[in-house]
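Single-letter residue listing:
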Amino acid sequence: LDVSGSMAGGPINELNKGIEAFMTEILEDDIAQDAADISVVTFGTVVEIALKFDNIEKQVVPKFSAGGTTPMGAAVLKSLEILEERKKEYKEAGVDYFQPWLVLMTDGVPTDMQIIPSATKKTNNLINEKKLTLYSIGVGNNADMRQLSQFDLSKPPLKLDGLKFKEFFEWLSQS
């Protein structure tokens with residue numbers, strides 16, 4: 001999730017409400033509660049794991065604040081790394097799992113263009129091998145939809161209607 005400076009004010013507030021609604025929806029659904037395994041990686045100057053994989057009932061909904069630049073490529077690579085680690089943990093424990101979904105959400109332009117080619121290559125390889133489903137979401141009028149489209153060449157990125165984070169996360173939880 002993009003938490004760079006351009007998300008300040010209304011956008012970050014709506015993102016916080018959306019994440020809270022998402023976690024609530026998952027907790028209220030007995031099937032989703034057992035099936036969902038959620039982690040959140042943010043990018044705004046630095047890439048941070050804001051929410052580590054764990055039992056959903058133990059997770060605390062993070063509150064995001066906006067600031068900094070947009071290291072999107074580094075965030076995607078970090079997300080793929082922790083997804084692979086989680087899949088390895090499942091394999092070692094003999095637990096069946098669904099292939100992961102990665103939601104990439106930004107309102108801007110990446111500031112780490114030197115890393116973008118390796119991140120887009122890796123996402124596309126995983127998508128082509130049916131090892132990843134990616135949802136690229138552009139927020140607002142300044143989201144670089146052309147750049148977002150490079151992360152999944154098989155389908156175009158989605159454009160979030162206004163700041164309807166809550167509605168998007170509710171749809172995601174039902175999926």
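Provided above is the structure to which this section pertains.
Residues numbered from 1 in each chain as written. Predicted model: local features only at pLDDT ≥ 70, side-chain atom pairs only at ≥ 80, totals over all residues. Heavy atoms only, no water.

1. Re helix 3 (residues 72-93)
Think of an α-helix as turning once every 3.6 residues; residues three or four places apart then point the same way.
Step number 1: Between its first and last C-alpha, helix 3 extends 32 Å over 22 residues, near the 32 Å set by a 1.5 Å rise per residue.
Step number 2: Of the positions making up helix 3, those classed as buried are M72, G73, A75, V76, S79, L80, I82, L83, R86 and K87.
Step number 3: In this fold, the buried residues of helix 3 make contact with strand 1 (40-44), strand 2 (46-51), strand 3 (101-106), helix 4 (116-128) and helix 5 (145-149).
Step number 4: Once helix 3 finishes, G94 follows within two positions and takes phi at roughly 70°, a positive value. (Helix = DSSP H or I, 4+ residues; strand = E, 2+ residues; numbered from the N terminus. Expected span 1.5 Å × (residues − 1). Buried < 20%, exposed > 50% of the residue type's maximum accessible area, 1.4 Å probe, protein only. Contact = heavy atoms within 4.5 Å.)

2. Some points on helix 4
Step number 1: Its 13 residues give helix 4 an end-to-end C-alpha distance of 18 Å, which sits within 8% of 18 Å, the value for a rise of 1.5 Å per residue.
Step number 2: Inspection of helix 4 places I116, A119, T120, T123, N124, L126 and I127 among the buried residues, and these make up the whole buried set. Down the axis of helix 4, the smallest arc covering the buried residues is 160°, so these residues share one side. Residues P117, K121 and N128 are exposed on helix 4 and point more than 90 degrees away from its buried face.
Step number 3: Those residues of helix 4 hidden inside the fold are in contact with helix 3, strand 4 (133-139) and helix 5.
Step number 4: One or two residues past the end of helix 4 sits K130, with phi positive at roughly 60°. (Arc of directions from axis to C-beta.)

3. Let's talk about unusual backbone geometry
Step number 1: If you check the backbone angles, T45 has positive phi at about 70° while not being a glycine.
Step number 2: Its location among the elements puts T45 in the loop between strand 1 and strand 2.
Step number 3: Backbone geometry places K130, a non-glycine residue, at a positive phi of 60°.
Step number 4: Inspection of the secondary structure puts K130 in the loop between helix 4 and strand 4.

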